[in-house]
Amino acid sequence: MLRSLIALLLTVTFTSFVSAQEATPPTSDRSATGGAQTLEDILARQRGEQVESTARDPATLGDGAPSSGQLGTLGGVSDAEMWSKVRHDTANITASNNGPAATVLVQDRGMWWLTFREGPLLTYGLYLLGGTIILLAVFLLIRGRIRIDGARTGRTIERFKAIERFGHWLLAGSFILLGITGLVSLAGRKYLIPTFGHESFAVLATWSKWIHNNVSWAFMIALVMIFVMWVIHNLPDRTDIKWILKGGGIFGGGHPPAKKFNAGQKLIFWSVIVLGTSISVSGLSLLFPFEMPMFAVTFEKLNAFGIPQALGLGELRTALAPHEEMQYAQLWHAIVSFVLMAIIIAHIYIGSVGMEGAFDAMGSGEVEEQWAREHHSLWVEEVREREGVPRRGQGSQPAE
Ligand code: HEM
């Protein structure tokens, strides 16, 4: 009797356990998805609940296309091998005629680029600009404005012709616009959207992009103009060594002799030309996506010279996806732009508040002769000689 009772109890318990296991979990209404899982199903699974899973069963899904051949549509089935190939860019993908980038479906270095762009690039870039402004303010406090030391003569001397000033202001105006609109694009998501909201930023970003893309041509034209007009005056010579050794006379002791451009200005000129060209080329590759890949070839050359290895970086990867080329172009474009912006902030300072009499050179084109003698003594002698006026100390001085 007792045995029969135990057997009955065991049977009842086991049967109810099995039926609990086999009970079909509640199913949400799947009519809207044609039988596939719904958002409720996914959320329920995330909560740890059992969800009816026939929709995920490979046997009931797929369009019958073989998973080992060309990519067929397999419904919700996850084909590990296929995704692995897609992930590593080795899948045999037939793209419509949309360019080389169309065949890359997954490019996971994108996250590294995104976080670097929003993180260190933006942060250190802004520190660089802010730090430059602070240093200049400190310099102004310590040194004060660089004044014209001697008495003004009342005479002026032509420093830049109208075409030179046009080239300079085209370059300056376009660079400032490009700098501001570039910063809007870079810092927008992090700083401007939280402050002004999505709607206002969308308008600002649209305009910024339009200005940035189109004004870039003015910058490139101006860059060529100033190169052609001024390169002859910016070739290094012996006077530069003396000028540098005397620190440009910046902390007193008299300004060392200089021709049309002193060593400091030559440095600015070549920075503008070299960095400006680099910004222009990387900008063009951003303007025409995937048309001008240049980083893989550059990395190959650097590897061949052993430069990254010497810096402890190891060999740089040279098999870059087209998107990666674009990401490197964007980073390079922004990094070099930050460096040039910092240099130009210093240039704007010295060409305006930092030095008495300097702005006239790019304003009217005429500078006070005393200013010219103090900062560019050799150039003044050259100009006066061309005009038939003997050098100082040779023959009679012009009537003053
Ligand atoms: C509002 C801003 C600017 C002011 C007030 C300014 C002022 C000046 C002045 C006064 C000169 C002539 C210096 C001399 O007589 O020797 C000059 C030259 C020059 N500027 Fe500017 N500039 C400005 C913006 C820019 C920008 C944005 C660039 C380039 C992106 C630039 C590039 C140059 C170059 C390459 C020279 C010749 C080399 C030199 O004098 O350093 N300038 N600028």
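This is a predicted model, so every value here is computed, not measured. (Residues numbered from 1 in each chain as written. Predicted model: local features only at pLDDT ≥ 70, side-chain atom pairs only at ≥ 80, totals over all residues. Heavy atoms only, no water.)

Thoughts on the coordination of the iron atom of the ligand
Looking at the iron atom of the ligand, the protein donor atoms are His168 (NE2) and His347 (NE2), and they sit 2.0 Å from it. Its six donor atoms give the iron atom of the ligand angles of 86 to 178° at the centre, a pattern that matches the octahedral case. Residue His168 is located in helix H5 (residues 162–230), and its partner His347 is located in helix H10 (residues 322–351); the two are separated by 179 residues in the primary sequence. Note on His347: relative accessible area 28%, which makes it partly exposed. (Donors = N, O, S within 2.8 Å, 3.2 Å for Na, K, Ca; no water. Tetrahedral: all angles 85-135°; square planar, octahedral: opposite > 155°, others 65-115°. Helix = DSSP H or I, 4+ residues; strand = E, 2+ residues; numbered from the N terminus. Buried < 20%, exposed > 50% of the residue type's maximum accessible area, 1.4 Å probe, protein only.)

As for the site of the ligand
Taken together, 22 residues lie around the ligand, and Arg159, His168, Gln265, His347 and Ala361 are the ones closest in. For the shell around the ligand, the secondary structure elements donating two or more residues are H5, helix H7 (263–287), H10 and helix H11 (360–363). Here the element with the most residues in the shell around the ligand is H5; it accounts for seven residues. In terms of residue class, the shell around the ligand is made up of 16 nonpolar, five polar and one charged. (Near = heavy atom within 4 Å. Nonpolar A, V, L, I, M, F, W, Y, C, P; charged D, E, K, R; others polar.)

Some remarks on the pattern of salt bridges
Inspection of every chain in the model, using the stated rule, returns 12 salt bridges. Residue Asp237 pairs with Lys266 through a salt bridge whose shortest N-O separation is 3.8 Å. Of the two residues, Asp237 is situated in the loop between H5 and helix H6 (238–245) and Lys266 in helix H7; the sequence distance between them amounts to 29 residues. Residue classification places Asp237 among the partly exposed residues on the basis of a relative accessible area of 25%. A salt bridge links Glu387 to Arg384; the shortest N-O distance between them is 2.7 Å. Sharing partners across several salt bridges, the network here consists of Arg155, Glu369, Arg373, Glu381, Arg384 and Glu387. (Salt bridge = Lys/Arg side-chain N within 4 Å of Asp/Glu carboxyl O.)

Some remarks on the packing of aromatic side chains
Following the criterion strictly, the structure yields 15 aromatic pairs and no others. Of note, Arg109 hangs over the ring of Trp112, and the distance from its end group to the ring centre comes to 5.1 Å. (Phe/Tyr/Trp six-rings, centres within 6.5 Å; stacked < 30°, edge-to-face > 60°. Lys NZ or Arg CZ within 6 Å of the ring centre and 35° of its normal.)

On their own, these measurements won't tell you what the molecule is for.
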